[in-house]
Structures are given as C-alpha cells and as structure tokens.
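# Secondary and tertiary structure notes
Okay, here's what each chain looks like letter by letter:
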Amino acid sequence: MIERTLVILKPATLVRGLAGEVISKFEKKGLKLVAMKMARLTPEILSQHYAHLVDRPFYPLLVESMTAAPVILSCWEGVDAVTVVREMTGATNGRKAAPGTIRGMYCMSGQENIIHTSDSPENAVIELDRFFVVSDYCPWDSPLARSINSPDEL
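Residues numbered from 1 in each chain as written. Predicted model: local features only at pLDDT ≥ 70, side-chain atom pairs only at ≥ 80, totals over all residues. Heavy atoms only, no water.

## Focus: the layout of surface pockets
The probe, sized like a water molecule, is rolled over the atoms to show the empty space still left. Approximately 500 Å³ is the volume attributed to the largest pocket. Along the wall of the largest pocket there are 22 residues; nearest its centre are Tyr50, His52, Leu53, Thr92 and His116. Looking at the lining of the largest pocket, the elements with two or more residues in it are helix H3 (43-49), strand E4 (115-117) and helix H7 (121-131). If you tally residues by element for the lining of the largest pocket, the top one is H7, at 4 residues. Of the residues contributing to the lining of the largest pocket, the split by class is 6 nonpolar, 10 polar and 6 charged. (1 Å grid on protein atoms, 1.4 Å probe; cavity = no way out; pocket = protein on both sides within 12 Å on 5 of 7 lines; lining within 4 Å. Points joined across faces, edges and corners; volume = space filled by probe spheres on them. Helix = DSSP H or I, 4+ residues; strand = E, 2+ residues; numbered from the N terminus. Nonpolar A, V, L, I, M, F, W, Y, C, P; charged D, E, K, R; others polar.)

Listed below in structure tokens is the structure:
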C-alpha cells in the first residue's frame, strides 16, 4: 500500500554535512520525495511532537538539540514507506543501530541520532499534518515507478 511518512533530518545532520547522503539513500531505495522544507523548530512545536517524552529526564537536552540549528522536514512516499524508512534508519541509539542503517553508519549517540521518522502510518499522518499544509505537497508521477514496484504492489 502506498504510504507517506515524515522524515526530519535533525540539526546534527545539517551541521555534519550529511543531509545529501541521507536524502540520496531514500531516493536510491525507490521512495519518492513529495514535500521538503527547512525550518527552525520551536520548543512549542517540539512539546507537541515529542509529547510522549516531555516528562522524561532527557527532554530538556532533546529540545536543546532540536533547536540548535535548522532541520529539514520531508515527506517520502512509497509502498509500505513507514516500515521501509524505519528499517533503513535503524535503532534510535546509533551505537546499537545495525551496520548499513542510516544511524548505524552516521551516528554514535542516542540523543544526537541525526534523524526522526514516523513510527506508524497513523502517526505519520498526524506528524505530516503538524509540519505540512496541502499546498506544500508536490505529487508527481515518476517515470521509474514501473521499475521500482510491480503493478500488483501498488
């Protein structure tokens, strides 16, 4: 089933010059980029986005990290996109992330783990609505679609 999912390239990704490499991994996998923008996140939006973490002792560090520099917000589309992106991203703690995953290749931290991805199709819808409006999306037909998925998968 075609899904959309949110990917946030965190400030550490930009500071370290890794944005292009991470984006290219999703492109090479066959996911389709349908929205992207750069933003500075505020403590207010972070308290909504990470509401499930607000009471955790590390939350102030999370806010500090996520407001240290801009982020890149993006929406990726594809068959089972949420699961595909999560598996490509790897475990939250970079030291525990499998080799070959994005975090396994590019980070050593649980906090500075360079990327956020939606954890379910339901949360993807909520998260995308938090950061994007309808006019932000640029749906398009890729001429490579038939080479990426079989028609019976779409």
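## Some words on the sheet that holds strand E3 (residues 71-79)
The antiparallel open sheet is built from 4 strands, whose spatial order is E2-E3-E1-E4. In this open sheet, the two strands that pair with only one neighbour each are strand E2 (32-39) and E4. Geometrically, the sheet is characterised by an average inter-axis angle of 20 degrees between neighbouring strands, direction not taken into account. Summarising the sheet, strand E1 (residues 2-9) and E4 pair through 3 bridges and their orientation is antiparallel. By the bridge assignment, Ile8 is partnered in E4 with His116. (Pairing = 2+ DSSP bridges. Axes fitted to C-alpha atoms, helices over the stretch in contact; angles between N-to-C directions.)

## Focus: the pattern of salt bridges
Working definition: two side chains of opposite charge can pair if their charged atoms are close together. Here the structure, examined in full by the defined rule, presents 3 salt bridges. Linking Asp136 and Lys37 is a salt bridge whose minimum nitrogen-to-oxygen distance equals 3.2 Å. Of the two residues, Asp136 is situated in the loop between H7 and helix H8 (145-148) and Lys37 in strand E2; the sequence distance between them amounts to 99 residues. In this structure Asp136 comes out as partly exposed when scored by relative accessible area, which is 26%. (Salt bridge = Lys/Arg side-chain N within 4 Å of Asp/Glu carboxyl O. Buried < 20%, exposed > 50% of the residue type's maximum accessible area, 1.4 Å probe, protein only.)

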